[in-house]
Structure formats: C-alpha cells, structure tokens
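Spelled out from the first residue to the last, the chains are:
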Amino acid sequence: MKKITVCRLCSACCPLEVDVVDGALSSARRLTPFEKTISCPKILNAKNIIYSKERILKPLLRKNIEDEFREVSWKEALSFIAEKMEKIKTNYSPQSIALLRGMAADWGTPWDYAVRFMSAIGSPNALGNGSVCFVAREMAHTYTYGAITIPQVKDSKCIVIWGKNDKNTAPAMAEAVIYAKEKGAKLIVIDPVKTFFTDIADIWLRIKPAHDGALAMAMIKVILDERLYDDTFVKNYCIGFEALKEAISNIKLSEISDRIWIPIERIKEASRLYAQTKPSCIIDGNGIDMQTQVFQTTRAICILRAITGNIDIEGGDFIPQPIPLKNIQLRDKVAHIPSVMFEYPHFEKFHPTWGLHGQSCLIDAILEEKPYPIKMLFVQSGNPAVTMMDSGRVRNALRSLELLVMIDMFRNKTSEFAHVILPACSCFEKTQINRAYIRNCFIMLQQKVIEPIGESKSDIEIIFELAKFLGLHEFFPWQTVEEALDFQLKPTGLTIEELRKNPKGIWYEKPRFRKYETEGFRTPTKKVEIFSERLSATDFDPIPFLSGFPNDLISFSKYKDYPIIGISGERVNCYTHTQFRKINELKRIEPEPFIEINSLLATKFNLKDGNMVRISTPRGSIEMRVKISDTVSDGVIRIAWGWGEESDKWNLNFLTDDFERDPITCTPSGRTFYCKIEKLEA
Ligand SMILES: Nc1nc2c(c(=O)[nH]1)N[C@H]1C(S)=C(S)[C@@H](COP(=O)(O)OP(=O)(O)OC[C@H]3O[C@@H](n4cnc5c(=O)[nH]c(N)nc54)[C@H](O)[C@@H]3O)O[C@H]1N2
Ligand SMILES: Nc1nc2c(c(=O)[nH]1)N[C@H]1C(S)=C(S)[C@@H](COP(=O)(O)OP(=O)(O)OC[C@H]3O[C@@H](n4cnc5c(=O)[nH]c(N)nc54)[C@H](O)[C@@H]3O)O[C@H]1N2
Ligand code: SF4
Ligand SMILES: [Mo]
C-alpha cells in the first residue's frame, strides 16, 4: 500500500511516498515537483534506519551512571522518574528541572507539548538548540520585518545563497535553484568553501569565515552610494534609512575588503547584480549561524532585502502567512520565574512559540548554579554531549546532574550520562504537525504509516505518559494525540481527519504578496525597522555594527600559537549530524572522517593524502586523516562534522568554544575557530 507523509529524518521535512507491505515499511521516496531531482541516501535507507537492531525497544533504567542499563517496563521507568522528580522539587524547586531539545523531533507540535509539560510542572526551562541552528537568525528577521522570510527561488531572477548548501541539506530548495538557474536566473554564492553551488555561480564571493556581517554592510554601502536602492519602498515602508546612510558613511570599502578577503570590485559587482536584477531573493543558512555576530549579521542581510524592495514580492523574499494553530505552551504560567536565559531577554521573549533557545545558558546554570541549581534534565531528540560547543564542559555539566532522562530512538554519547532512556518512535510511526508546515499557508500532515516498533512511543505520547504519571491531568485532558492536535487546529477550522484525507497538503489560504501595503509589517512600528528602537533602548546597536566591527570573530583569536582557521565540515547527505553512523549502507558512502586542507598548507606541513594529524585548540585536541583538496583556501581547514558519536577522538566539539557568544542570542562559534595541526607518525 502506498501512503503519503512527511519525512523527519532531517529538518528538510520532505513530502514522501511510502510503500507499506504487511504493515512494514518497505521503501520510501521524496515527492518533488521538479524534473531534475536530487536523491537523498537517508530516505533510500529509511528501512535500514528504522528497523536497525540498534533501536531501543523498551525503556532502559539504571540508578547510577556507572551501572549497566537494564530493560524495564514503562511503568517502572515512569515511577522511577516521578519519584526522583518529586524529591528534586522538594529539595530544590520545580525550576531545577529542565528540558533540552535537539532538532530531530521537530519544532512544531512535539515542541509545543514538551514546553507545556515543563510549564505544567512549574519550570520555565524548556530549552532548544536554536541559538546555533536557525532560531537566532529567525529572531534577526523578526526584529527587522516581523517574520523570517521564505525565498521565492523558483520565480526569482537573481538568487543569493549566503552560507547554505541545500544540495546536501534541503534537496527541494536545491532543485528550485537549479530550475531557476536553467530559466536564466543569476546566482551569487557567499561561502568560504567550494561547493556544488559555487561551481555553478555567476559570482562566488569566497569570504573569510565568520566575516559575513562586514560584507553585508559593504554591500549596503555600495547600493546606497550608487543609489541602487528602491526609493519608494524605503520612503514608505522603512524606519531608519537616514540613520543607515550616516552609519555607512563611516565604512571604508578598502578596509572591509582586506578584512574579509574579497576584492572591492567583486563586492561591487555582486552588490550591483543583486540590486539591479528584479526580483532577487536571498537564501540565508547555517553558515551564518554559529557565529558570535549571527544576530547583527543577519540583520544586515535583512536590510539588504529591504532597501532593494525585494520583501514580500513574487520571486523575492516572502513574508509567510502562518497557520493559526492554538498556542498551548502555557508559558504565561511560569513567566514570573526567571529562566536560565535571564541574561538574554531579547532572545528569550522574541516569539510566542519559539520559547527558549539559549542552550549554552543551561550548561552555565548547571555548572554555576545561576540563577539557581539545575539538578534534573530531560534530553529529547538530541545528543548534546557531541553537538554542543565545548564538549568537555558540557560533559562535566551532564555528569553532575542528579537525574538525566533521555527520550530517543537510539543510544548515543549522551546516554553515557543518562539514568533513564525512554524509547521514542521514528517519524514513520507517529502523527504530528511539523513547524515547516505551520510557518506558512500550506499545511501537510506527518502521518503515521506504520505502527510503533517494540514498545516505543511518539514524542508527544511520551510527554502525555509522563504528565499522567505526575498527576498533571488537568493540563493534559486529551485521550489521544489526535484529539490534542485537533484542539490545536481549532482556530483553523481544519481537523486531522481532513488533513489525512488530503495527504498531499492543503492551502490554508493563497499566498498574498505585498501585504505590507494594507497590513504593514509585524513589527512594533509596522515598518521595516532598519533602526531598531527595541535594541537602542537596551544599549545594543540599533543599526548593525554601528559601534564598529568586532575584531575577534573567530574563536581563540587572542591566542598566538593557533594560526589556522578551522571550520566545521559539511553536512553530508548520508548523515544527519551525529546520526546514522551505525547504518552500514550509509556508512559505506562516507566511512571515515577527514580534514580537508589545501595543497599549500599540506606542503608546509609535509602532509600527503591519508596522513594522520592532530588538530588542537586551547580547549582540546582530536585526530583525523588528511584529504588534500581545493575546497578550502590557504590557511583554512575543514573538519568533518558529526563523527564524535563514533569516537571521542573525532569529536569536533572538543575543539570549540562556548565562552565568547553573540551578546543578544548567546550563540557561540561552533563554525569557526583558530587551531593548530601536527603531523602524527603512521
Ligand atoms: N561544531 C559544530 N557544532 C554543531 C553543528 C556544527 O555544524 N558544528 N551543528 C549544530 C546544529 S545546526 C544542530 S541542529 C545541532 C544538532 O544537534 P542534535 O539535535 O543534538 O543532533 P543529532 O545528532 O541530530 O541528534 C539527534 C538525536 O535525536 C534522535 N532522534 C531522531 N529522531 C527522533 C525522534 O523523532 N524523536 C526523538 N525523541 N529522538 C529522535 C537521534 O537518535 C539522535 O540521538 O548540532 C549543532 N552543533
Ligand atoms: N544531510 C543532512 N541534512 C541536514 C542536516 C544534516 O545534518 N545532514 N542538518 C539539518 C540542520 S539541523 C540544519 S541547521 C541544516 C543546515 O543546512 P545548511 O545551512 O545548508 O548548512 P551547512 O551545510 O552546514 O552550511 C552551509 C554552508 O555554509 C558555509 N559556511 C561555513 N562557514 C561560513 C561562513 O563563515 N560564512 C558563509 N557565508 N558561509 C559559511 C559552508 O561551507 C556550507 O557550504 O541542514 C539540515 N539538513
Ligand atoms: S532530505 Fe531529509 S527530510 Fe528530505 S527525504 Fe532526505 S532525510 Fe528526509
Ligand atoms: Mo540545525
């Protein structure tokens, strides 16, 4: 039998067609409107992933982290958790219990119920990892024009790809770029690394890693100096244009050019092409996240969109029309309790449903007991022992907890610090609504296509079970997940049943362009806030980089003995972060990690392909084989990402820093750090 659903093996959330034979998943493929398609090895191996013998099929429990886990019943696991939680509440406080969320379970409805659960127990500390993923960037969009825009790539005439590599990370977007390019669209790519897109670009700006903010401001300067901006849009719909003009008058292109490794002429060429081609759109990505200036950098890029009048137009950057799902997170209930993110109030409160995404603050709170001790942690769909910056520090924090409960399909490095693991089911075994399908007017259901394997349960059901065991019935009155989802869908007039009858999705309303003409923007002033009063009032630069460009954009800049710039390796399309390395069919595609190094640096260190090197920073060191490659420029090495799950000696985040952070979003630099390398004997 064929069934339609949404894939959540990575965050791209592709629509899928799945073949189910005798109740078992036999194969699955992406559904795409494009002729030229990009294949995804993960989905082709969905069966091997979900039926892997490594799956956790029953709850696992141990009293001490030195002991072995034993399989127990759900009842025993939940009673153990409930009993411990009561003790922690009594000995400390409800807010001493926190939840940390990785990206895998999705930020739509599964996130809502996790946050609601935490609110119900009386803790404001439900944290996600969005400070290093895209939530920090989303906040910058929101502060500028009210929402994160969606690039209308297919209909665009000029596409800027800024720190994104959709070929490996979001195939439908990559297909749209290829389609538009074949129809004649121009392509500008801003990336320090050679990729599939830099190869087909009209202009490739090979930027110095982490220096995107200065480039964006330089492009704004060219556009203003050469009067290439959209005068009407700026006059009618923006606030702070005059202040922007004044700010850029202090910027010297020659200085920026030297700083960011891009010749002035190239900056001008790209600025002109972007501003003079209509419509243009910008795809911004994770290459800008994990920078200590992600917020202001993204603001500057947003301002580029605004001054060129490319916002909310066909082929430009669309302001989404979100599906009005009911907000059930109950954050008001705990609003009076300071959260662990108390030092980042803008980021803490910028959005009604994103909630808290400063995961680094959680580690601070555990280690320093500020603003109070954190003694118990739920880790849901994440592997923080490998994926958070400065793994050594993170592990010290995890080790010091009185109780760590994981909700996951597999054991991972984080399990080494866990007392209980509750078995979660895969994306094919549960029904939920993903954030990708509520952020705009098209909604599609991720529906269960097979029954949960073993005793695993969906993330939402696990939250319901925990809530019931803790006597939180009044907050979780629903008998089934579907009933709860229907409750959330009420304001839309839709139901799960109806979505199931329309598995390929429903247009809740048709996209409307230029909504600002009648509705304004969803900012306090209803305008595009080039100048942000909210930032000004709290002593942050109201115009990006008004007080200058910080010097130390790359971690460990102050240390003298670390001359090489290290960056995180690409997301290869056979893995999602630390996942799937036990799936032999995927492992065969990329069997071992390596660092990429160009021939000049290789000669300097007398390195040949396959040699082993030690890579060190002031935080720690790891070892990997060398691959000589022209993907990186001289002085830069790229270190494969996600392999820390396989071995500590490959854990990139033993090298990274969690001390220097973006002052608004607390984002540390996981992307870029100074390091040194040494050749090791065979
Ligand atoms: N240095 C450096 N650090 C980085 C990055 C980098 O590029 N460089 N990338 C950053 C980014 S953008 C991100 S998003 C994070 C990712 O960080 P994490 O979210 O911690 O990463 P994953 O390795 O994907 O771990 C996901 C876990 O969820 C489990 N899982 C999968 N599906 C489900 C499900 O449906 N339910 C449940 N309960 N569990 C599930 C998997 O088995 C796995 O253990 O890492 C960040 N860290
Ligand atoms: N296969 C697969 N797909 C995934 C994931 C996965 O792990 N595997 N993870 C999912 C998640 S959670 C995320 S966040 C997305 C991320 O998806 P993307 O945003 O596409 O992330 P990356 O591929 O890590 O990086 C994008 C590009 O940024 C470039 N870059 C690095 N440093 C800089 C810089 O300083 N400036 C600029 N301008 N560019 C830079 C890199 O060279 C790379 O080409 O992918 C999602 N999809
Ligand atoms: S790209 Fe990600 S969401 Fe899309 S099919 Fe592959 S694993 Fe699934
Ligand atoms: Mo991410």
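Residues numbered from 1 in each chain as written. Chains lettered and ligands numbered in written order. Predicted model: local features only at pLDDT ≥ 70, side-chain atom pairs only at ≥ 80, totals over all residues. Heavy atoms only, no water.

Chemist: How would you sum up helix α20 (residues 481–489)? Please name residues and give values.
Modeler: Residues separated by three or four positions in an α-helix point in the same direction, a consequence of the helix having 3.6 residues per turn. Three or more residues of α20 are buried, namely Val481, Ala484, Leu485, Gln488 and Leu489. Around the axis of α20, the buried residues are gathered within 140 degrees of arc, so they sit on the same side. Lining the buried residues of α20 we find α4 (109–121), β18 (442–443), α19 (459–469) and α21 (496–501). (Buried < 20%, exposed > 50% of the residue type's maximum accessible area, 1.4 Å probe, protein only. Helix = DSSP H or I, 4+ residues; strand = E, 2+ residues; numbered from the N terminus. Arc of directions from axis to C-beta. Contact = heavy atoms within 4.5 Å.)

Chemist: Residues and numbers for the sheet that holds strand β9 (residues 158–162), please.
Modeler: Strand order in this open sheet of four strands is β11-β10-β9-β13, and the pairing throughout is parallel. The outermost strands of the open sheet, each flanked by one partner alone, are β11 (203–205) and β13 (280–284). Strand-to-strand twist of the sheet, defined as the mean angle between neighbouring strand axes without regard to direction, takes the value 15 degrees. Pairing between β9 and strand β10 (residues 186–190): five bridges, direction parallel. Bridged to Val160 within β10 is Ile188. Along the sheet face, helix α7 (residues 171–182) touches β9, β10 and β13 and points at about 145 degrees away from the line of β9. (Pairing = 2+ DSSP bridges. Axes fitted to C-alpha atoms, helices over the stretch in contact; angles between N-to-C directions.)

Chemist: Explain the site of ligand 2 to me, using residue names and the numbers behind them.
Modeler: Neighbouring residues of ligand 2: 30 residues in total, closest Asp191, Asp212, Tyr575, His577 and Arg671. In the model, an oxygen atom of ligand 2 is placed 2.7 Å from a nitrogen or oxygen of the Ala210 main chain. Contact distances for ligand 2 include 2.7 Å between an oxygen atom and a backbone N or O atom of His577. Compared with its free state, where it exposes 910 Å², ligand 2 has 97% of that area covered by protein. Considering only residue class, the shell around ligand 2 consists of 11 nonpolar, 13 polar and six charged. (Near = heavy atom within 4 Å. Polar contact = N/O pair within 3.5 Å; in protein donor to acceptor, adjacent residues only side chain to side chain. Areas by Shrake-Rupley, 256 points an atom, 1.4 Å probe, with all protein chains shown as cover. Nonpolar A, V, L, I, M, F, W, Y, C, P; charged D, E, K, R; others polar.)

Chemist: Lay out the environment of Val21 with the relevant residues and their values.
Modeler: Along the chain, the position of Val21 falls in strand β2 (residues 15–21). With 429 residues separating them in the primary sequence, Val21 and Ile450 have C-alpha atoms 9.7 Å apart.

Chemist: Just give me the short version of the nonpolar core, but keep the residues and values in it.
Modeler: The biggest cluster of nonpolar side chains holds 161 residues, and the ones touching the most others in it are Phe117, Trp162, Leu244, Ile307, Phe378 and Phe476. When residues of this core are assigned to their parent elements, the largest contribution, 10 residues, is made by helix α9 (residues 212–225). In terms of domain composition, this core takes at least three residues from each of domain 2 (60–134 + 345–507) and domain 3 (149–319). Each residue touching Phe378, except ones within four places of it in the same chain, is listed here: Ile81, Met85, Ile97, Ala98, Leu99, Leu100, Phe117, Met118, Val405 and Leu466. Within the second largest apolar cluster, 56 residues are counted, among which are Cys427, Tyr562, Val626 and Val632. (Core = buried A, V, L, I, M, F, W, Y, C linked by side-chain atoms within 4.5 Å. Domains from an automatic or database assignment.)

Interpretation note: all reported values are geometric properties and have no functional meaning in isolation.
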